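# Commentary on secondary and tertiary structure
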Amino acid sequence: MSLLDVRDLTIRTSDGRELVSGLSFSVDRGERLGLIGESGSGKSLTTLAVLGLLPDGMTATGSVELDGTQIVGASEKRLVGVRGSAAAIVFQEPLTALDPLMRVGRQLAEPLRRRRGLKGDALHKAVAEALEQVRLPEPGRIARAFPHEISGGQRQRVALAM
Ligand SMILES: Nc1ncnc2c1ncn2[C@@H]1O[C@H](COP(=O)(O)OP(=O)(O)OP(=O)(O)O)[C@@H](O)[C@H]1O
Ligand SMILES: [Mg+2]
């Protein structure tokens, strides 16, 4: 069984229009997979379906097995346990993915606090480590900055670190 196993995934709008039709692929640990297709062909919807994040009204059929969990038809509670641990999304536009009113360090701290239960010095250290892992220079300055105060490439790295 692969880490991610997508079988016969079909995504439909509420009025029954097929946006993705019978797609199958799998990804093993350590593997990378690129989806290539023309604009509007369903790449983003496919990745959203993998995390159970399809827009309201859209439905997925088929099977998406992620790290042993069936995503299609899973409860929200089940999905919350999978998102951010087994898989995460780095959205295309870092300026819209980040909260413009929150300093970078605090945004990075949030998932670390929720997922790993870190606080105080340990949380502080984990934030600095996350920034270093994506090779951001001056992690102290970046952590104190608001998203608009760092460059586009730096924002993308912050999103990756999250
Ligand atoms: N929220 C939505 N409501 C209705 N239709 C949508 C919605 N999101 C996407 N679609 C439609 O689903 C189809 C697939 O969209 P998707 O965003 O997956 O394309 P994509 O392959 O990621 O394109 P791009 O390369 O431009 O990012 C498109 O026809 C699009 O119009
Ligand atoms: Mg897309």
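The text that follows walks through the structure, step by step, so that each part is easy to find. (Residues numbered from 1 in each chain as written. Chains lettered and ligands numbered in written order. Predicted model: local features only at pLDDT ≥ 70, side-chain atom pairs only at ≥ 80, totals over all residues. Heavy atoms only, no water.)

Helix and strand content of the chain: 7 helices and 4 strands. For the chain, the N- to C-terminal ordering of α and β elements is β-β-α-β-β-α-α-α-α-α-α. A principal-axis box enclosing the C-alpha atoms of the chain has dimensions of 50 × 30 × 30 Å. Looking at the chain as a whole, 33% of its 162 residues qualify as buried. For the chain, the proportion of contacts with a sequence separation of at least 24, taken over those separated by at least 6, is 51%. As presented, the chain carries roughly 10,300 Å² of accessible surface, and 50% of it is formed by carbon and sulfur atoms. Charge centroids of the chain, computed over 22 positive and 19 negative side chains, lie 6 Å from each other. (Helix = DSSP H or I, 4+ residues; strand = E, 2+ residues; numbered from the N terminus. Buried < 20%, exposed > 50% of the residue type's maximum accessible area, 1.4 Å probe, protein only. Contact = heavy atoms within 4.5 Å. Areas by Shrake-Rupley, 256 points an atom, 1.4 Å probe, with all protein chains shown as cover. Lys, Arg positive; Asp, Glu negative; His and termini not counted. Charge placed at Lys NZ, Arg CZ, Asp CG, Glu CD.)

It is worth spelling out the sheet that holds strand S1 (residues 4-12) at this point. Strands sit in the order S2-S1-S3-S4 across an open sheet of 4 strands; the sheet is antiparallel. Each edge of the open sheet carries a strand with a single partner, namely strand S2 (18-27) and strand S4 (69-70). In this sheet, S2 lies alongside S1 in antiparallel orientation, the contact comprising 6 bridges. The partner of Val6 across the bridge, within S2, is Phe25. Of the strands in this sheet, S1, S2 and strand S3 (59-66) touch helix H1 (residues 43-50), which is tilted by about 120° from S1. (Pairing = 2+ DSSP bridges. Axes fitted to C-alpha atoms, helices over the stretch in contact; angles between N-to-C directions.)

So, on to the site of ligand 1. Looking at ligand 1, the residues that line it are Leu19, Glu38, Ser39, Gly40, Ser41, Gly42, Lys43, Ser44, Leu45, Pro55 and Met58. One of the backbone N or O atoms of Gly40 is found 2.8 Å from an oxygen atom in ligand 1. Contact between ligand 1 and Gly42: an oxygen atom at 3.0 Å from a main-chain N or O atom of the residue. Relative to its free-state accessible area of 640 Å², ligand 1 is covered by the protein chains to the extent of 57%. Considering every element that reaches the shell around ligand 1, the biggest residue donor is H1, with 3 residues. Here the shell around ligand 1 is composed, by residue class, of 4 nonpolar, 5 polar and 2 charged. (Near = heavy atom within 4 Å. Polar contact = N/O pair within 3.5 Å; in protein donor to acceptor, adjacent residues only side chain to side chain. Nonpolar A, V, L, I, M, F, W, Y, C, P; charged D, E, K, R; others polar.)

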